[in-house]
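# Report on the structure
Here's the letter readout for the chains.
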Amino acid sequence: MPPVRPAVEITSESPTTLEADCVVVGLFDDKQFDRPAAAMNAATGGALARLIEGGDLSGKPLELVPLLAPTGIRAAQVLVVGLGPRENFDRGTAFRAAAAAIRQLAARARQTVGVYLADLAPPDLAESAVAGALAGAQGQDLYRREKKTFAPARLLFAANAERGLQGGQVLGDAMNLCRRLVNEPPQELYPEVFADRASAVAQECGLTIETWDQARLEAERCGALLAVARGSERPPRLVMLRYRGAGNDARPLALVGKGVTFDSGGLSLKPSESMLTMKMDMAGAATVLAAVQAIARLKLPVNVVGLMGLVENMPGGRAMKLGDVLWARNGRSIEVHNTDAEGRLVLADVLSVAVEQRAGHIVDLATLTGACVVALGPHVAGAMSNDQPWCDRVLAAARRCGEPAWQLPMFAEYGEDIKSDVADIKNVGKGRWGGAIAAAKFLEEFVAGTPWTHLDIAGPAFLESPKPWLDAGGTGCFVRTLVELARNYQPVS
């Protein structure tokens, strides 16, 4: 059963007169009260001012200070959330502040929570706050008999958030879809099941869907993807979703996701501690599915094709071996030097399909390399591209959403590292150095010059421990960025 989703509504009620289990108010670090905080301070006889004076309330980012059973108001509790510097209040801050507040309150069951963060009249800020609240209300305890996270039955946002309410619900739902898929155990979510989930999304959102099974993949010469799947009893799938919000002549934006539903490493077997979280190796595909769902629900005026390559990487008797030579769909031959560098083999064929769909631009997302986490840490995605203007647009969308990404170089010299003596290319570079870039140079071989940006989300896609604003597990990162990119997409002719 999926987690219960809160009902999200607008209220014109003052925070001091709202009947609720809790009212959330925001405070910037300049300690100057905005209207909701000022009203709350006055109604409670200066309680907030006394907390500030005593050093118990500072407004620093994501500080959470409760007032239990305060007199003078109708809510049973007030939760003050720190918003940090006023001049830095943006979508990312609004998302995390709302998520942190609701996540703390979701530790026990509540009926109604009112949210009065700050001035949410700008629709993008309101949308981010609503999305954050929905994300904070959901945890990873999908299969616990005794739940740890309890979504409030109702979330009431101040009337100044009205213009962002619908979009925020769409984005929050999409992020939570992505997170649920990532958090599912691998015996429950494998390629056929993921394809069924995508089919349900397509039916609900009026999307066209095409699913390639084993026979179709063989007919389409997807030799790299099929080689990864050989070691598993679970047959692979390639799922293609199409959304048409623009004219038929407009070339689509292609979103491509790696969907390795479990990655053992194949014959290059991972150690147990590295394998434990490998149910999340399909986060790229989950992000694409969630983003296309949101784009369709928002009815954006853009054509989008979402492509997901779905496999299990297992060490069965037919598993690909080191030294094997594979033939990719675009005719490139690939020498296998490491069966744990499998995601790029899956994406090779899927990117080739994206090119054949006349994509104007491509973004792929993949939990591709541990090397990217070494380079950038666990909270930042690596961006690599063959087209600087396109990469700039992708990074700008990520910045607007508050989702950290950093560009890594793609100098031609890195391409030398993936040359093979027996095939056109090999699936790893030379040694430990520049592994994330070597993987991106490999992928570049399959985009046929189409403007393309690769996002390596190996770090931020999954939290091994909780953050103030989000439970451990899948994060849903870059769903909002992809939707923002689609909102501002200018197709090429």
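Before reading further, recall that the structure is shown in the block above.
In what follows, the accompanying structure is described. (Residues numbered from 1 in each chain as written. Predicted model: local features only at pLDDT ≥ 70, side-chain atom pairs only at ≥ 80, totals over all residues. Heavy atoms only, no water.)

## Regarding the nonpolar core
If you look at the biggest cluster of nonpolar residues, it comprises 76 residues, and the most contacted ones within it are F194 and L255. M240, V305, L326 and V350 belong to the second largest nonpolar core, which has 50 residues in total. (Core = buried A, V, L, I, M, F, W, Y, C linked by side-chain atoms within 4.5 Å. Buried < 20%, exposed > 50% of the residue type's maximum accessible area, 1.4 Å probe, protein only.)

## Observations concerning helix α11 (residues 343-356)
Taking 1.5 Å as the rise per residue, α11 with 14 residues should run 20 Å; its terminal C-alpha atoms sit 20 Å apart, in good agreement. Most of α11 sits inside the fold, with 12 of its 14 residues counted as buried. For α11, every residue scored as buried is listed here: G343, R344, L345, V346, L347, A348, D349, V350, L351, S352, V353 and A354. Backbone geometry just downstream of α11 places R358 in the positive-phi region, at approximately 60°. (Helix = DSSP H or I, 4+ residues; strand = E, 2+ residues; numbered from the N terminus. Expected span 1.5 Å × (residues − 1).)

## Thoughts on the pairing of strand β17 (residues 452-456)
Of all 5 residues that make up β17, 5 are buried, and the element is covered over most of its length. Bridge analysis of strand β13 (residues 361-366) against β17 gives 5 bridges, and the strand direction is parallel. Directly across from L365, in β17, lies its bridge partner L455. (Pairing = 2+ DSSP bridges.)

## Some remarks on the packing of helix α5 (residues 165-183) against helix α10 (residues 283-298)
Two elements in contact, α5 and α10, have axes separated by 9 Å at closest approach and are oriented at 155°. The orientation of α5 relative to α10 falls into the category roughly antiparallel. Handedness of the α5/α10 crossing: right-handed. Between α5 and α10, the contacting residues are Q166, G167, V170, L171, D173, A174, L177, C178, L181 and V182 on the first element and A283, A286, T287, L289, A290, Q293, A294, R297 and L298 on the second. Here the contact of α5 with α10 is composed, by residue class, of 13 nonpolar, 4 polar and 2 charged. (Axes fitted to C-alpha atoms, helices over the stretch in contact; angles between N-to-C directions. Parallel < 35°, antiparallel > 145°, perpendicular 65-115°, else oblique. Left-handed = near helix turned anticlockwise from the far one by under 90°. Contact = heavy atoms within 4.5 Å. Nonpolar A, V, L, I, M, F, W, Y, C, P; charged D, E, K, R; others polar.)

## A word on the pairing of strand β6 (residues 154-158)
Buried residues dominate β6, accounting for 4 of its 5 residues. Pairing of strand β1 (residues 7-11) with β6, which is carried by 5 bridges, proceeds in the parallel orientation. Directly across from A7, in β6, lies its bridge partner R154. For the segment spanning strand β5 (residues 112-116), helix α4 (residues 123-136) and β6, crossover handedness is right-handed. (Right-handed = clockwise from strand over helix to strand, strands pointing away.)

## A short note on the environment of E146
Within the element layout of this structure, E146 appears in the loop between α4 and β6. When the C-alpha atoms of E146 and N41 are compared, they prove to be 37 Å apart, with 105 residues separating the residues in sequence.

## Points about the sheet that holds strand β7 (residues 208-212)
With mixed pairing, the 8 strands of this open sheet are ordered in space as β7-β8-β10-β9-β13-β17-β14-β15. Bordering the open sheet on either side are β7 and β15 (405-407), each of which pairs with just one other strand. Sheet twist, expressed as the average angle between the axes of neighbouring strands with direction ignored, equals 20°. Where strand β9 (residues 253-263) and strand β10 (residues 303-313) come together, 10 bridges link them in parallel fashion. Along β10, the bridge assignment pairs L253 with V304. Strands in contact with helix α15 (residues 435-444) are β13, β14 (381-385) and β17; relative to β17, the strand with the most contacts, it is inclined by about 145°.

## Points about unusual backbone geometry
The backbone of L62 sits at a positive phi, close to 65°, despite the residue not being glycine. Looking at the element boundaries, L62 is found in the loop between α2 (47-53) and β3 (64-68). Look at F478: it is not a glycine, yet its phi comes out positive at around 75°. Relative to the helices and strands, F478 resides in the loop between β19 (473-474) and α16 (479-487). The exposure class assigned to F478 is buried, which follows from its relative accessible area of 2%.

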